[in-house]
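These are the residues of each chain, in order.
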Amino acid sequence: MPILNLIKNILPLTVLLLLTACGEPPPIKQNGLSYCTEGSPSSFNPQTATSNVTLDATTSQLYNRLLFIDPNTQQFKAGLAIDWEVSEDRLSYRFFLRKNVRFHQTDYFTPTRPFNADDVIFSFARILDKTHPYHDVSKDGYPFFEGIELDQQIQSLVKIDDYTIEFKLALPDSSFIANLASDFSVILSAEYGDTLIALNKKADIDNLPIGTGPFKFKEYRTDNFIRYQQHADYWGENSKIEQLIFDITPNSSSRLAKLLTQECDIMAYPAASQVEMISEHDRVKISVETGLNVAYWAFNTEKAPFNNPKIRRALAHTINQETLLQAVYYNTGVNAKSILPPVSWAYNPYLKSYKYNLAYARQLITEAGYPNGFKMNIMALKSSQVYNPDAVKMAELIQSELAQIGIEVKIIKYEWQLMEKKLQQGEYDSYLLGWVADNNDPDNFFRFQLSCNAINTGSNYTRWCNSEFDDLINQAVTETEYIERVTLYYRAQEIIQQELPLIPLAHSLRLHAYTSGLKGVETTAFGGINFINTVRQ
């Protein structure tokens, strides 16, 4: 479709949306930047996050971690810790903290001291200590940390002095540093926490954020926009822009319209079907990255008939991955055989795909005791995700295939918050979802989603528990020899493929569209976005 025709088609919708909105983003100054994002954050604290929308809106803009993963080299680099040491027994991690780091000064808080070890203790004690005054402030808990069993991982946290802190672990854990470098492991202000207790406003800690990051919070109009302002006292080089707007626009056509009319400078996650057209526009560019992600079709393995592996294998044979890649991803993804993407060092290249074969699927279903088929539902997110541009369309394609072998499918469309509740309550047969890595350690793909303990903590929605699989990932995380770790993860992937609590479908490329005058937009394979070095030319 010619670009002008597209603009004609989508502009009326944009105008309507703007007229009916409760609030509009304030005008961007010449040195400001507007990012059209796909959704609203659930809070302004990444510790409690369950979505990339929340992480994108908070982690790199408002906060810092002790260390980071370099988006280009994948190596760890200094953050609020300038250096760190690991004991020979790998049970103690000592961090040497950066000095003269200032927290945000805002309309609602004025810090009196710089960052120090007390803030590190406060940030992690809140998560680990159930008696901590802030532990129960988050009604949804700390899903990431509960999923990786951080409370069992860390035995104690010791303040050596104001600028030295030591984590003592219960067991050696090869994923520990990577978890501290993840987007969730941000450092909060202990002084702000004390202030809110005195004011009896503890809940504000997650909604009126105070961090040490390059931007500070200014304003949030629910489901409309977030406004950030440059943190002038940032410890590193200041951001190149003074004002940052997150324009919340769930519909990708509306985001594209705002990009083309320069209402937004950057558009999150253009639809795969829009890529070819956008690439023909000389004022707009597209960034494409290999993503550490996976999209999958998963099952409630506690519920019949999905508690039968033979049924799950039969359903795997109904998937035509080539059709999904063309119709949903428009060739912006690759086939998945494992939940680990091929770029992971632990990816098992010897796994074989389940071939598309409806006749064999029908045979397996008959052998499992359902010769006349059955009814089932598939839950799908309405909005596009990093790992899946269009889950509803994918569900429709699967529905069509299953109808040919006597399985009647009802598709249920949800926004994430409602779908998450259904998943936690076990009210589903199957769901289309996915995973974007939080760090570059393979454990991040397995433990949070498929370990037995993650059923209890609420992040293993498949409710699948396999003791051999659990033993393998537990051995792998304490193993230091690279070859041994790879071997263990290879076997873990084989078990998933045999048991199929979920069917890996595709690994998606990560896309952003932006005006051609912008430089320095940093995105990572883990899904984060960072504007500190973004400049308008």
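Here we summarise the structure given alongside this text.

Here the structure, examined in full by the defined rule, presents 31 aromatic pairs. Summarising the aromatic geometry, the rings of Trp84 and Phe95 are spaced 6.4 Å apart at their centres and angled 35° between planes, so their arrangement reads as tilted. With Trp84 in strand E4 (residues 81-86) and Phe95 in strand E5 (residues 92-97), the pair connects residues that are eleven residues apart, well separated along the chain. Taking relative accessible area as the criterion, Phe95 reaches 0% and is therefore assigned buried. Between the aromatic rings of Tyr428 and Tyr431, the centroid separation amounts to 5.5 Å while the plane-to-plane angle is 85°, which identifies the pairing as edge-to-face. We classify Tyr428 as buried; its relative accessible area is 1%. Among the aromatic residues, those joined into a cluster by ring pairs are Trp84, Tyr93, Phe95, Phe124, Phe167 and Phe176.

Among the eleven residues in helix H2 (residues 52-62), ten count as buried, and that is most of the element. Of all the positions in H2, only Val53, Thr54, Leu55, Asp56, Ala57, Thr58, Thr59, Ser60, Gln61 and Leu62 are classed as buried. Those residues of H2 that are buried lie in contact with strand E1 (32-37), strand E8 (215-221), strand E9 (225-230), strand E10 (243-248), strand E18 (502-515) and strand E21 (529-530).

Inspection of the secondary structure assignment puts Arg447 in helix H16 (residues 443-450). Residue class for Arg447 comes out buried when judged on its relative accessible area of 5%. When the C-alpha positions of Arg447 and Pro209 are compared, they lie 29 Å apart, and in sequence the two are 238 residues distant. Arg447 has contacts with Gly147, Ile148, Glu149, Ala454, Ile473, Asn474 and Val477, leaving out every residue within four places of it along the chain. For Arg447, the side chain forms a polar contact with the main-chain oxygen of Ile473, separated by 3.2 Å.

What counts and how
- Residues numbered from 1 in each chain as written.
- Predicted model: local features only at pLDDT ≥ 70, side-chain atom pairs only at ≥ 80, totals over all residues.
- Heavy atoms only, no water.
- Phe/Tyr/Trp six-rings, centres within 6.5 Å; stacked < 30°, edge-to-face > 60°.
- Helix = DSSP H or I, 4+ residues; strand = E, 2+ residues; numbered from the N terminus.
- Buried < 20%, exposed > 50% of the residue type's maximum accessible area, 1.4 Å probe, protein only.
- Contact = heavy atoms within 4.5 Å.
- Polar contact = N/O pair within 3.5 Å; in protein donor to acceptor, adjacent residues only side chain to side chain.

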